[in-house]
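Chain and residue survey
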Amino acid sequence: MSAVKLTAKVRSQKKLASDIYSLILYVPEIADQAKAGQFVSLYSKDGANLLPRPISLCEIDHEEGTIRLVYRVVGKGTEEFSHLEEGDCVEVMGPLGNGFTLKDKRAILIGGGIGIPPMLELAKELNCEKNIVLGFRDETFLLEDLEPRGEIYIASEDGKTGVQGNVLDAIREYEIKGDIIYACGPTPMLRAIKEYAFANHMEAQLSLEEKMACGIGACLACVCKSTEVDDHSHVKNKRICKDGPVFDAGEVEF
Amino acid sequence: MNLSVNIAGVEFKNPVTVASGTFGSGAEYHEFVDLNKLGAVTTKGVANVPWPGNPTPRIAETYGGMMNAVGLQNPGIDVLCGRDIPFLKQFDTKIIVNVCGKSEQDYVEVVERLGDEDVDLLEINVSCPNVKEGGIAFGQDPKALEQITKAVKAKAKQPIVMKLSPNVTDITVMAKAAEAGGADALSLINTLTGMKIDINRRQFALANKTGGLSGPAIKPVAVRMVYQVANAVKLPIIGMGGICNYEDAIEFMMAGATMVSIGTANFHDPYTTIKVIDGMKKFMEEKGIEDINEIIGCVK
Ligand SMILES: Cc1cc2nc3c(=O)[nH]c(=O)nc-3n(C[C@H](O)[C@H](O)[C@H](O)COP(=O)(O)OP(=O)(O)OC[C@H]3O[C@@H](n4cnc5c(N)ncnc54)[C@H](O)[C@@H]3O)c2cc1C
Ligand SMILES: Cc1cc2nc3c(=O)[nH]c(=O)nc-3n(C[C@H](O)[C@H](O)[C@H](O)COP(=O)(O)O)c2cc1C
Ligand code: FES
């Protein structure tokens, strides 16, 4: 089992919200090996944009040999990907990163904004009691996919859906209980979740983000501070692309 | 057809290696690339002790290139000797070890330690800050460069390649200084210092403020410098800076490089090295070139 880079065929692309797209790629070579919490690198066709764009796996269909990516258009690369149509080709490398470690414990899955997509595959793979907490800025997405997978709680900044505020406000408001947190989202959210988990003596697996160049652990672009000296780097740095993106909350300082 | 080249008495099966820092120690890219096919693997800069490197963000994409300020994070020479060299020894390829340091003593310590190791060339990265001289890079002052070259050469058991910084007014002055210090070969270019500002956040794109620009955006500068250096000194050159395909590699060789390194292009396509080697063979066949050495510095 190892990562590959190849040309994938686009199965379909759908717009989910004003700037959020869902892309399904046919790549059995990646789908076969992939699991929740891992990601792929997508490459732009424009040689001016050299570096890969890391995108989490939102769903993996082992039978169909497809992967689903849900992403927000924020710049040149994601803008280009949003124009892909059925039958088009795109360069992709994966599966990359470690993915979540599934535990048989009452789980709280927390997704903030564009950190929500990896929670869908995780919810599918976890066979236990699941509370799913979602934080949105305003518009919601992926709700219909997530609803059958667990108990859903929502926080939104504008308060139009669910609790007004952030995911932790929702957890407190609805008194959501669990033994382990799995989370992906903006860094300030993850920081707050880390504190919350410590205060409540809970285990937490957090999916982190950093700018990447190689995506496979060679260039040392994407590090985060680790609490202990790391076995590979021999300094207190871990590579998000290779040792992560998912870390135990106690392993990292960010 | 002959693709093999020779630098300071070391025979390489082909002229293609990787640029230091873009390929780790080869362990990660080995999933994609058959390391046996490369002329050599050049390892990430290594110091006498582990270095933690710079804060993040350490990289930023720029038009046709990227900037990095990784800050030479490395696990130190003990780990290189205990883990990375034994790993590379499994393959039929040469090993070039890139060395960094903050003082002459740091460099000498690493080079002495490598004396007992079965590695082929030592590439000395002189773009690191010279702490003793008050933060000026060894690579930007010809006197300091000649001195560090001498000090390293005196202790090195393997041939030494001085890696030149392009951040100077006249690259030939630096090349001559390294030659005078006793260098066996030169490699160029290292990255060009640049800066990027995120206008929405009113912040530098890199935590370090400045970073080293690499990738296709710098290729014409690199080709020019390789040409100038090839015509100023007698030393063999390892050329690099934005090489993405075999055409780029041939261009560097025609300008005067004996070998070429693939750096940033690995990030875009991990198979670049192999594609360059295959493309070179095809080019030689098509043009009826029997020996790759024929084209080195053929454009005057
Ligand atoms: C492990 C991981 C998983 C991710 N999963 C998703 C996902 O499922 N859906 C989604 O919408 N986004 C995800 N992201 C963020 C996504 O990578 C960026 O939004 C994307 O790279 C932006 O590219 P661009 O060309 O549109 O933006 P530009 O701003 O033009 O990009 C310029 C450069 O910065 C890099 N970059 C910009 N923003 C980020 C960022 N937030 N993180 C890392 N690199 C960045 C780009 O890769 C590119 O090299 C993930 C990031 C990481 C690290
Ligand atoms: C992420 C990154 C890390 C690098 N690390 C080193 C290093 O440790 N030592 C060194 O001498 N050069 C280092 N370099 C410079 C490259 O070896 C090379 O000289 C430069 O990038 C130009 O080649 P390129 O355009 O093909 O990448 C690094 C470059 C990059 C992009
Ligand atoms: S992106 Fe190169 S080490 Fe993570």
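Basis of the calculations
- Residues numbered from 1 in each chain as written.
- Chains lettered and ligands numbered in written order.
- Predicted model: local features only at pLDDT ≥ 70, side-chain atom pairs only at ≥ 80, totals over all residues.
- Heavy atoms only, no water.
- Helix = DSSP H or I, 4+ residues; strand = E, 2+ residues; numbered from the N terminus.
- Rg over C-alpha atoms; globule rule 2.2 N^0.38 Å.
- Buried < 20%, exposed > 50% of the residue type's maximum accessible area, 1.4 Å probe, protein only.
- Lys, Arg positive; Asp, Glu negative; His and termini not counted.
- Charge placed at Lys NZ, Arg CZ, Asp CG, Glu CD.
- Salt bridge = Lys/Arg side-chain N within 4 Å of Asp/Glu carboxyl O.
- Contact = heavy atoms within 4.5 Å.
- Buried area = accessible area lost by both parts, 1.4 Å probe.
- Domains from an automatic or database assignment.
- Polar contact = N/O pair within 3.5 Å; in protein donor to acceptor, adjacent residues only side chain to side chain.

**Here we look at the overall build of chain B**
A count of helices and strands for chain B gives eight helices and 18 strands. Relative to the globule expectation of 19 Å for 300 residues, the C-alpha radius of gyration of chain B, 18 Å, shows essentially globular dimensions. Principal axes of the C-alpha set define a box for chain B whose edges measure 50 × 50 × 40 Å. When the 300 residues of chain B are sorted by exposure, 60% land in the buried category. Distance from the positive charge centre (29 side chains) to the negative charge centre (34 side chains) of chain B: 6 Å.

**Structural notes on the pattern of salt bridges**
Residues and elements named next belong to chain B. Counted under the stated rule, the structure contains 28 salt bridges over all chains. The partner of K150 in a salt bridge is E146, with the nearest N and O atoms 3.4 Å apart. Here E146 and K150 lie together in helix α3 (residues 142-155), a separation of four residues that amounts to about one turn. Judged by its relative accessible area of 26%, E146 falls in the partly exposed class. Between K153 and D184 there is a salt bridge; the shortest N-O distance is 2.8 Å. A residue pair is termed long-range when its members are at least 10 positions apart, and K153 in helix α3 and D184 in the loop between α4 (171-181) and β12 (185-188) qualify at 31 residues. Judged by its relative accessible area of 30%, K153 is partly exposed.

**Side note on the interface of chain A and chain B**
In this assembly, 35 residues from chain A lie in contact with 36 residues from chain B. Interface area, chain A with chain B, both sides summed: about 2800 Å², of which 60% is carbon and sulfur. For the pair chain A and chain B, the number of links is three salt bridges. The shortest N-O distance in the salt bridge between E61(B) and R53(A) comes to 2.7 Å.

**What to know about the domain arrangement of chain A**
Residues and elements named next belong to chain A. What the domain assignment lists for chain A is domain 1 (4-96), domain 2 (100-200) and domain 3 (208-254). Its C-alpha centre places domain 1 at a distance of 23 Å from the equivalent point of domain 2. Counting residues at the interface gives 16 residues for domain 1, matched by 15 residues for domain 2. Together, the buried faces of domain 1 and domain 2 total about 1400 Å²; carbon and sulfur atoms form 54% of this surface. Its largest share of buried area at the contact with domain 2, domain 1 owes to A36, C58 and R72, together 34% of the area lost on that side. Linking domain 1 to domain 2 there are two salt bridges. One salt bridge connects E59 with K124, and the closest N-O pair in it is separated by 2.7 Å. Between domain 1 and domain 2 we count seven residue pairs in polar contact (both at pLDDT 80 or more) in total. Mapped by element, the contributors of at least two residues to the side of domain 1 that touches domain 2 are β1 (4-17), β5 (59-61) and β6 (66-72). With four residues, the single largest contributor to the side of domain 1 that touches domain 2 is β6.

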